[in-house]
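Here is how the chains run, residue by residue.
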Amino acid sequence: MRPRMTDPNRSLLTLRGLDAGTLTSLLDRTESLLPVVRGVAQLPRTDSGAVVGLLFLENSTRTRCSFETAVHRLGHQPVVLTGQGSSVGKGESLSDTAANIAAMGMQALVVRTPLSGGAALVARVTGVPTINAGDGRHEHPTQGLLDASTLRSHLGSLKGKRILIVGDILNSRVARSNIHALTTLGATVVLVGPPPLVPWVFAECAPQIEVAHDLDAVLETADAIMMLRIQLERSAGKSVASDYRAAFGMTSTRASRLPEGVPVLHPGPINRGVELDDEVAADLARCLVLEQVARGVSARMAVLERGLVPALST
Ligand code: ASP
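Residues numbered from 1 in each chain as written. Predicted model: local features only at pLDDT ≥ 70, side-chain atom pairs only at ≥ 80, totals over all residues. Heavy atoms only, no water.

It is worth spelling out the pattern of salt bridges at this point. Going through the model one piece at a time under the given rule, you end up with 14 salt bridges. Here Arg173 and Glu58 are joined by a salt bridge, their closest N and O atoms 2.9 Å apart. Of this pair, Arg173 sits in helix H6 (residues 173-184) while Glu58 sits in the loop between strand S1 (51-56) and helix H2 (62-73); the two residues are 115 residues apart in sequence, bridging distant segments of the chain. Here Arg173 matches Glu58 in class, with each residue buried. The shortest N-O distance in the salt bridge between Glu291 and Arg295 comes to 2.6 Å. Of this pair, Glu291 and Arg295 both sit in helix H11 (residues 289-313), four residues apart, which is roughly one turn of that helix. (Salt bridge = Lys/Arg side-chain N within 4 Å of Asp/Glu carboxyl O. Helix = DSSP H or I, 4+ residues; strand = E, 2+ residues; numbered from the N terminus. Buried < 20%, exposed > 50% of the residue type's maximum accessible area, 1.4 Å probe, protein only.)

So, on to a nonpolar patch on the surface. Taken together, the side chains of Leu284, Leu290 and Val293 present a nonpolar region at the surface, about 290 Å² in accessible area. Considering the arrangement of structural elements, one finds Leu284 in the loop between helix H10 (278-282) and H11. (Patch = residues over 30% accessible without salt bridge, like charges linked within 9 Å, V, L, I, M, F, W, Y side chains within 5 Å. Areas by Shrake-Rupley, 256 points an atom, 1.4 Å probe, with all protein chains shown as cover.)

Burial runs high along S1: five of the six residues are buried. Pairing of S1 with strand S2 (residues 77-82) involves six bridges; the strand directions are parallel. Residue pairing for S2: Phe56 is matched across the bridge by Thr82. The parallel pair S1 and S2 is bridged by H2, and the resulting crossover is right-handed. Two strands pair when backbone bridges link them, and S1 and strand S3 (residues 108-113) are joined in this way by five bridges, in the parallel orientation. What sits directly across from Gly53, in S3, is Leu109. (Pairing = 2+ DSSP bridges. Right-handed = clockwise from strand over helix to strand, strands pointing away.)

Closest axis-to-axis distance for the helix H3 (residues 94-102)/helix H4 (residues 118-126) pair is 9 Å, and the angle between their directions is 50 degrees. Judged on the interaxial angle alone, H4 and H3 are oblique. When you trace H3 past H4, the crossing you get is right-handed. In this structure, H3 uses Leu94, Ser95, Ala98, Ala99 and Ala102 to contact H4, whose residues at the interface are Gly118, Leu121, Val122, Val125 and Thr126. For the contact of H3 with H4, the class distribution of residues is seven nonpolar, three polar and no charged. (Axes fitted to C-alpha atoms, helices over the stretch in contact; angles between N-to-C directions. Parallel < 35°, antiparallel > 145°, perpendicular 65-115°, else oblique. Left-handed = near helix turned anticlockwise from the far one by under 90°. Contact = heavy atoms within 4.5 Å. Nonpolar A, V, L, I, M, F, W, Y, C, P; charged D, E, K, R; others polar.)

Below you can see the structure in the form of structure tokens.
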């Protein structure tokens, strides 16, 4: 099957290499679409006729429902395929699955897969604008955008801010996308966690990336803190000691040391009592997880618009 060529700017496979202007315009659009998500504004009613294929071949709660909501809000139709119950269970490959769904006439594809690089593979094989919804350890670009949007609205500009990302950096696609977005927008990112999950080599990647293995030593330097889950499904549990919470958890004692106005983020799902205490998660002035989720829908609308509008106007 010969793929159609598509404009690479209509796909979103990674945040790496997006310049500050492109990121800022996506964040501006995320902000302007937020009232639609909150139900206080409406987009003009359109029934575009566009169909978006959502291939979710790895577990997901927020990202899948968020993309589905975004597709509906824009007046398009989603078609959702999950790993369970699909022919992936019979051994069908990602590229065959994607090529078959694309052949049904999708205007865009959204892909979650355990395969690092899987979203780029789908874009290549199908020639259809493709949005990466999390591919293995590689990237989760719309999560990076929604996190940057949440941080920007809370902190104002990201220029010169210190953002701590704490936990399983090695296996985290969320960390990778955030590193690209936040450093491009002028922040310093401090990666914090046990040495096997936060190797020193990360600090060699860019001057705005620091590595720390002692959370308490850097806690009070933070303008914001993002807590991450240990990626047990990627075997990270083997690298974690039983005192993980004491060393790297956002306990209520640690949260009480943070100046007012220093927010705590988490992409979900939260393992309560491990990386985040119940009391911290319940403090909605401090813990912005639900704000992140709301902005996730408008960020995905912004990304889908970029992928779909040229297709619909030609
Ligand atoms: N939901 C995020 C992801 O899919 C974070 C996580 O699962 O820990 O990467």
